[in-house]
Amino acid sequence: MLSAPATADTPDQADGTSDAPPRFLTLNQLDAYLEFEGEYNRSRVSTDARRPFSRDRQQRNRDYIFEERIGLSLQQTLIDPSLIILSSDFSFALTQERFEEKIDGFDRVDNDNGYLVHYDTRIDLFQGKKISGSIYSRRNDRRIDRRFQPTLNEERIGYGTSWVFSDEKLPMELSYEYLETDRTGNRDKRDDEHYTESTLHYGVEWLITQRHKLQFSFEHADTKQEYQGLREPFETHRDLFIVEHDLEFGPGGKHSLRTLLHWQEESGDFARDLFEIGPQLTLQHTDDLQTIYKYQFNREQYENLDIDTHRADFQLVHQMYTNLTSTYDLFVLYEDIEDDVRTTQYGAFADWQYNRRNPYGHFYANLHLSYDTEEVDGGDGTRVVLNESGTLRDPVAITLRNRDVIDASIVVTDVTNRRFYRRGLDYAVYHIANAVQITRIPTGQIADGETVLIDYNYRTPADGQLDTIRVDLSVEQRFTGGWTPYYRLSYRNQEDELSTGFDRRADRTDHHRIGVTYDQPRYTLGAEYEIFDDTVDPYDAFHLDGRLHVLQQTDHSFDLAARLSRLFFDGGTFDRDVTMLDIEADHRWRMTNALSTVGRVAYRYQQDSTAGDTRGWDVSAGMEYVSGNLSGELTVEYDQLNLPDSDQEDVGVYLRIRRDIPNVVSRW
């Protein structure tokens, strides 16, 4: 029950001898609010038929959503703050929804009225004690802005608990979390997404001495991704064990021995099992000289392949004054795929990093040289590549590093390896001779400039040998006046022996970038010329970009940015020219203490001599009003994406009005 209000002093209280019972439940805070939300979305999609016996498709959608909400925010203490603290945000809303859809003349209308409960509740227990923890549960939603596409609505439901055992020698942590996510508002309404993920984690650290510790952690995770329109979801179950041992020794603890053990058992779609152990010995001979000795053993089971890998490295790092850092490495690798291919690889690299102040500013340089030989022994077999990284920047595709890739084995995920992208909806795969390229689909979930991870299998020739030379060079001079000329080189050349039944795996990439930037407080300008001489898809390009701060005031800012690129693809499978123009404007203005506005405009024009033209608009304008306990927000969005085979246009309006009622208890 709530605490009773204070009363007049009794005689016992007056002389300080009160034996009043402690308060069982104290209400520290109770705030409330009333809120109205309204949302309108209109979407139009037109698809041009390109395949035989197909026809054009027209789709129109209109959504009307209204919510009337009442909410409470409270904090309570049970007996004492060090025992239990309860914090909660709770809201209840009445909803009215209407959805209209017209596809090729067929109309469908759906009305839905009901209620919606949102909450974010947390119970903190025994704070400051040797064992402390928390229990939480939440259900909330948010809006996710996407470039040139309609805003996604995301609703998340989750609950969990976390506990900490504080100890000077043996601290521990234990946690569990369940998270369920629904995303709606995609281009195709049937392509909405549903994710569930549950994670159990335990960690312990044994602090043996100040320079000696042992860590252990265990994690069990279940993930499931469902896409409406697909019969089967992506589902994975993973158990992960990690042991890490750190020991510092020698004079002043300058030397160290670090050992990492990693064991992963996985089942489900695209599952892989992994065992990894790797000690690393570091010896600090002088303040300027360091040697590192590494050994790595991996055992992977993936796609019915059992792979053992051994790798040893010897590394030397030398620091000359503060300007030059030199790193040298020798390595050897042996890989054995059971009943398949055996590979031996050995090589070396040298890396020099140099920086120095001079009368004109600051000079930076980096040179990396490497050479390795790969020898394959066995019949024509299959090798596995996991987590090959690539960045999808329009209009350049990712070319996989290896040739003769098995098409059905390609898997693309985000950088966390938790979210799987869908072929044909998020990305496309193209074969050019024995090479494979991956491009993003503009209407999919991969953003322009996003880095992805790629798994795949590829075929190797019998008894082949592959020699690789790589040179990377970066040079720039930052002048005090704002000018920075630079040069970047990335060169790779591979040569192999001919193998019966296979195309040559040899590959050469010669990538040059020369440019200059000019930085001033109000504006930045840049120009770059690029030569990408490649055996698969070579091109030349130039880029011009700039940013102008039209206004730079505390309450008022206006920025403009533009980038123009011209690319000439000549010598590959398709000769084509591409022109890309991106323009952005960002305006923010705090007109009064209560009223603020924000506006953003993004425009893209892409002219491809082979694929056709693409145009995109992303416009949003918003107003926010905050005066005392009354606040409001009005946002209008317009998105347009015109592709060679389809057009999409979206209009959205979002309105929120809120009246806060603080300190409700004092009003009683």
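Calculation rules
Residues numbered from 1 in each chain as written. Predicted model: local features only at pLDDT ≥ 70, side-chain atom pairs only at ≥ 80, totals over all residues. Heavy atoms only, no water. Helix = DSSP H or I, 4+ residues; strand = E, 2+ residues; numbered from the N terminus. Buried < 20%, exposed > 50% of the residue type's maximum accessible area, 1.4 Å probe, protein only. Contact = heavy atoms within 4.5 Å. Areas by Shrake-Rupley, 256 points an atom, 1.4 Å probe, with all protein chains shown as cover. Salt bridge = Lys/Arg side-chain N within 4 Å of Asp/Glu carboxyl O. Phe/Tyr/Trp six-rings, centres within 6.5 Å; stacked < 30°, edge-to-face > 60°. Core = buried A, V, L, I, M, F, W, Y, C linked by side-chain atoms within 4.5 Å. Pairing = 2+ DSSP bridges. pLDDT = per-residue confidence, 0-100. Lys, Arg positive; Asp, Glu negative; His and termini not counted. Polar contact = N/O pair within 3.5 Å; in protein donor to acceptor, adjacent residues only side chain to side chain. Patch = residues over 30% accessible without salt bridge, like charges linked within 9 Å, V, L, I, M, F, W, Y side chains within 5 Å.

A. Inspection of the overall build of the protein chain at higher detail. The helix and strand tally for the protein chain stands at one helix and 34 strands. The C-alpha extent of the protein chain, read off along each of the three principal axes, is 100 × 75 × 60 Å. Per-residue burial over the protein chain gives 38% buried out of 668 residues. Contacts spanning at least 24 positions in sequence make up 55% of the contacts within the protein chain whose residues lie at least 6 apart. Approximately 36,900 Å² of the protein chain is accessible, and the part contributed by carbon and sulfur atoms is 54%.

B. Structural view of unusual backbone geometry. In this structure, the amide linkage connecting Asp 394 to the following residue, Pro 395, adopts the cis form with an omega of 0°. Locating Pro 395 in the fold gives a position in the loop between β18 (381-392) and β19 (398-399). With a phi close to 55°, Tyr 321 is a non-glycine residue in the positive phi region. On the secondary structure map, Tyr 321 appears in the loop between β14 (305-320) and β15 (324-337). Judged by its relative accessible area of 67%, Tyr 321 falls in the exposed class.

C. How the structure looks around the pattern of salt bridges. Applying the stated rule across the entire model yields 40 salt bridges. In this structure, the salt-bridge partner of Arg 658 is Glu 35, at a minimum N-O distance of 3.8 Å. Note that Arg 658 is positioned in strand β34 (residues 646-661) and Glu 35 in strand β1 (residues 25-47), a separation of 623 residues in sequence. Taking the relative accessible area as the measure of exposure, Arg 658 reaches 24% and is therefore partly exposed. Of the residues examined, Glu 35 reaches a relative accessible area of 10% and is grouped as buried. One salt bridge connects Arg 604 with Asp 394, and the closest N-O pair in it is separated by 3.0 Å. One end of the pair, Arg 604, is in strand β31 (residues 595-608); the other, Asp 394, is in the loop between β18 and β19, with 210 residues separating them in the sequence. A residue is classified by how much of its surface remains accessible, and Asp 394, at 22% relative accessible area, is partly exposed. One network of salt bridges, with partners in common, ties together Glu 35, Glu 67, Arg 69, Glu 633, Arg 656, Arg 658 and Asp 660.

D. View of the environment of Gly 268. Within the secondary structure, Gly 268 sits in strand β11 (residues 255-268). Spatially, the C-alpha atom of Gly 268 lies 6.2 Å from that of His 237, the residues being 31 residues apart in sequence. Other than its neighbours up to four places away in sequence, Gly 268 contacts Glu 235 and Thr 236.

E. Fine view of the packing of aromatic side chains. For the coordinates displayed, the defined rule picks out 17 aromatic pairs. Centre to centre, the rings of Phe 241 and Trp 263 are 5.0 Å apart; their planes meet at 25°, and the pair counts as stacked. One end of the pair, Phe 241, is in strand β10 (residues 234-249); the other, Trp 263, is in strand β11, and 22 residues separate them in sequence. You can call Phe 241 partly exposed: its relative accessible area is 24%. For the pair Tyr 293 and Phe 314, a centre-to-centre distance of 5.3 Å together with 45° between the ring planes defines the contact as tilted.

F. Focus on the nonpolar core. Counting 17 residues, the largest nonpolar core has Ile 410, Val 412, Ile 438, Val 452, Ile 454 and Tyr 456 as its most contacted members. When residues of this core are traced back to their parent elements, those giving at least two are β18, β21 (427-432), β22 (435-440) and β23 (450-460). Here this core gets four residues from one element, more than from any other, and that element is β23. The residues touching Ile 410, leaving out its near neighbours within four places in the chain, are Val 405, Tyr 427, Val 429, Val 436, Ile 438, Ile 454, Asp 455 and Tyr 456.

G. Geometry of the pairing of β10. Bridge analysis of strand β9 (residues 212-227) against β10 gives 14 bridges, and the strand direction is antiparallel. Following the sheet pairing, Phe 216 is matched in β10 by Val 243. Sheet topology places β10 next to β11; 14 bridges connect them, and they run antiparallel. The residue bridging Val 243 from the neighbouring strand is Leu 261, located in β11.

H. Fine view of the sheet that holds β22. The strand order β19-β22-β21 describes an open sheet built from three strands, whose pairing is antiparallel. Across the chains shown, the open sheet's two edge strands, defined by having one partner strand only, are β19 and β21.

I. Quick peek at the pairing of β22. Of all the six residues making up β22, five are buried; the element is thus mostly covered by neighbouring parts of the structure. Of the pairings in the sheet, the one linking β19 to β22 comprises two bridges and is antiparallel in character. Looking at the pairing, Thr 399 lines up with Gln 437 of β22. Pairing geometry for β21 and β22, over six bridges, is antiparallel. Following the sheet pairing, Ile 432 is matched in β22 by Ala 435. The antiparallel pairing of β21 with β22 creates a hairpin that spans two residues between the two strands, and Ala 433 there sits at a positive phi of about 55°.

J. Representation of the confidence of the model for the protein chain. Averaged over the protein chain, the pLDDT score is 87; the fraction of residues at 70 or greater is 91%. For the stretch residues 1-18, pLDDT sits under 50, and the model shows 13 contacts to residues farther than four places along the chain or on other chains.

K. Spotlight on the side chain of Thr 597. Note on placement: Thr 597 falls in strand β31. Assessed through its relative accessible area of 18%, Thr 597 is described here as buried. Every residue in contact with Thr 597, bar those within four places of it in the chain, is listed here: His 587, Arg 588, Trp 589, Met 591, Gly 622 and Met 623.

L. Quick peek at the side chain of Asp 414. Topologically, Asp 414 is positioned in the loop between β20 (411-413) and β21. One buried charge, Asp 414, has no salt-bridge partner; the nearest side chain with opposite charge is Arg 419, at 6.0 Å. Here Thr 416 takes part through its side chain, which lies 2.9 Å from a polar atom of the side chain of Asp 414. Residue contacts for Asp 414: discarding those within four places in its chain leaves Arg 419, Tyr 421, Glu 450 and Leu 453.

M. Inspection of a nonpolar patch on the surface at higher detail. Together, Leu 34, Ile 70, Leu 72, Phe 90, Phe 92, Leu 94 and Tyr 115 give the surface a local cluster of nonpolar side chains, amounting to about 670 Å² of exposed area. The set of elements that each furnish at least two residues to the nonpolar patch consists of β2 (57-78) and β3 (84-103). Of all the elements, β3 adds the most residues to the nonpolar patch, at three residues. In this fold, Leu 34 is placed in strand β1.

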